[in-house]
Amino acid sequence: MLLKILTKNSPDAIEFSEKVKKLAEEMGFKITEGNNHDLVVVIGGDGTLLKAVKLNSPVIGIKFGRRSALLDINPENVKDVLTRLKNGDYIVDEYLMLNLRTKQTRAVAFNEVAILFDNPETILGSISMGEKKIIFEGDGVLVSTPQGSWAWSYSATRTLLHKGVNGIEITFMNCVVPDMHNIIIPMKEKVTIKLEDKGRPQIAKIIVDGEVVGYLRSGEDEEVIITEHERKAKILRFYKRIDLGYL
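Keep in mind that what you see is a predicted model, and the values were worked out from it rather than measured.

Caption draft 1: Layout of the overall build of the protein chain. Within the protein chain one finds 4 helices and 18 strands. A compact globule built from 247 residues would reach a C-alpha radius of gyration of about 18 Å, and the protein chain, at 20 Å, matches this within 12%. Of all intrachain contacts in the protein chain linking residues separated by at least 6 positions in sequence, the fraction that spans at least 24 positions is 65%. One way to put it: in the protein chain the 34 positive side-chain charges average out to a point 3 Å from where the 34 negative ones average out.

Caption draft 2: Layout of the sheet that holds strand β8 (residues 112-117). Judged by pairing direction, the sheet is antiparallel, and its 6 strands sit side by side in the order β13-β12-β11-β8-β15-β16 without closing on themselves. Taken across any chain shown, the strands that pair with only one partner, and hence form the sheet edges, are β13 (182-186) and β16 (211-217). Within this sheet the neighbouring strands show an average axis-to-axis angle of 20°, counted without direction. For strand β11 (residues 140-144) and strand β12 (residues 167-173), the ladder comprises 5 bridges, and the chain directions are antiparallel. Counted as the bridge partner of Val143 is Ile170 from β12.

Caption draft 3: Structural context of the packing of aromatic side chains. A complete count under the given rule lists 4 aromatic pairs for this structure. Where Tyr95 meets Phe110, the ring centres are 5.9 Å apart and the plane angle is 55°; that geometry is what we call tilted. Here Phe110 lies in the loop between β7 (106-109) and β8 and Tyr95 lies in strand β5 (residues 91-95), a separation of 15 residues in the sequence. Classification of Phe110 by relative accessible area gives buried; the value is 0%. The ring of Tyr154 has Arg158 sitting right over it, with the charged end atom 4.9 Å from the ring centre.

Caption draft 4: Spatial organisation of the nonpolar core. Counting residues in hydrophobic clusters, the biggest one holds 29 residues, and the most contacted among them are Ile115, Ile127, Val143, Val191 and Ile193. Residue contacts for Val143: discarding those within four places in its chain leaves Leu98, Asn111, Glu112, Val113, Ile127, Ile168, Glu169, Ile170, Val191, Ile193 and Ile226. Leu3, Ile60, Leu85 and Leu236 belong to the second largest nonpolar core, which has 22 residues in total.

Caption draft 5: Fine view of the pairing of β11. With 5 of its 5 residues buried, β11 lies for the most part within the structure. Of the two faces of β11, the one holding Gly140, Leu142 and Ser144 and the one holding Val141 and Val143 are both buried throughout. Looking at chain direction, β8 and β11 are connected through 5 bridges and run antiparallel. Counted as the bridge partner of Leu116 is Gly140 from β11.

Caption draft 6: Molecular detail of helix α3 (residues 78-87). Among the residues making up α3, those that are buried are Val78, Val81, Leu82 and Leu85. For α3, the buried positions fall inside an angular range of 100° around the axis, keeping them on one side. In α3, the exposed positions angled more than 90 degrees off the buried face are occupied by Lys79 and Asn87. The inward-facing, buried residues of α3 abut β1 (2-7), α1 (11-26), β3 (39-44), β4 (59-63) and β18 (233-237). Trailing α3 by a residue or two, Gly88 shows a phi angle of about 70°, which is positive.

Caption draft 7: Broad picture of the sheet that holds strand β10 (residues 132-138). Pairing is antiparallel in the open sheet, where 6 strands are placed in the order β7-β6-β17-β14-β9-β10. Every interior strand has two partners, whereas the edge strands, β7 and β10, have only one. For this sheet the average axis-to-axis angle between neighbouring strands, irrespective of direction, equals 20°. Sheet analysis places strand β9 (residues 123-129) next to strand β14 (residues 191-195), joined by 5 bridges and oriented antiparallel. Each residue of the ladder has a partner; that of Ser126, found in β14, is Lys194.

So, how was this worked out
Residues numbered from 1 in each chain as written. Predicted model: local features only at pLDDT ≥ 70, side-chain atom pairs only at ≥ 80, totals over all residues. Heavy atoms only, no water. Helix = DSSP H or I, 4+ residues; strand = E, 2+ residues; numbered from the N terminus. Rg over C-alpha atoms; globule rule 2.2 N^0.38 Å. Contact = heavy atoms within 4.5 Å. Lys, Arg positive; Asp, Glu negative; His and termini not counted. Charge placed at Lys NZ, Arg CZ, Asp CG, Glu CD. Pairing = 2+ DSSP bridges. Axes fitted to C-alpha atoms, helices over the stretch in contact; angles between N-to-C directions. Phe/Tyr/Trp six-rings, centres within 6.5 Å; stacked < 30°, edge-to-face > 60°. Buried < 20%, exposed > 50% of the residue type's maximum accessible area, 1.4 Å probe, protein only. Lys NZ or Arg CZ within 6 Å of the ring centre and 35° of its normal. Core = buried A, V, L, I, M, F, W, Y, C linked by side-chain atoms within 4.5 Å. Arc of directions from axis to C-beta.

So, to be careful, I would describe these as geometric facts and stop short of saying anything about function.
Below, the structure is given as structure tokens:
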């Protein structure tokens, strides 16, 4: 089995990753730095995981960060996990992802897409879901997967979308209009976000999983389109998880 190890950029995580590489090779696994791999081993936190789940291979998550809700393997259990991996003793958790496209940008979101103000003023925009259109004014809007509802969106709404729900959460950030925090819609719905006429040019940041990937400007042909990704992220689980079921 060909393993790629993705490590948090910290001295202790890098040092530990060398020990994992040595152990894996002693157990018969092959390590690669390239793009062809059977499995990605994450050593880090949620930020490292967000990079790994988009590499088109199943992921093993070793917790080496401050907030690592989805990474459930403790460093001291690595040898046991590699043994279980060789024996096929695990289950696969699948997670919905989102496609984002604009005229200039393509991206995949594991947690969320955010359209957020770029200047210190509110943005006036619209979000369309099927035949329903909502005009909003505020700091922006988030479009989150179920696991993403636990992240940025949760800090704004204190609402969690269960992992088993085939839906996405739309969160209005510090919204003046309408007077609401969030709504839940089916995952199959296409979501379109535009900036509306405010009487002067507007610009908003497009953020995917915490990274700015582009900008949205006011104009008739400028829009962000979000749809369900055809692939699901896969995380291997080796132990029974004690949580609320939403992750």
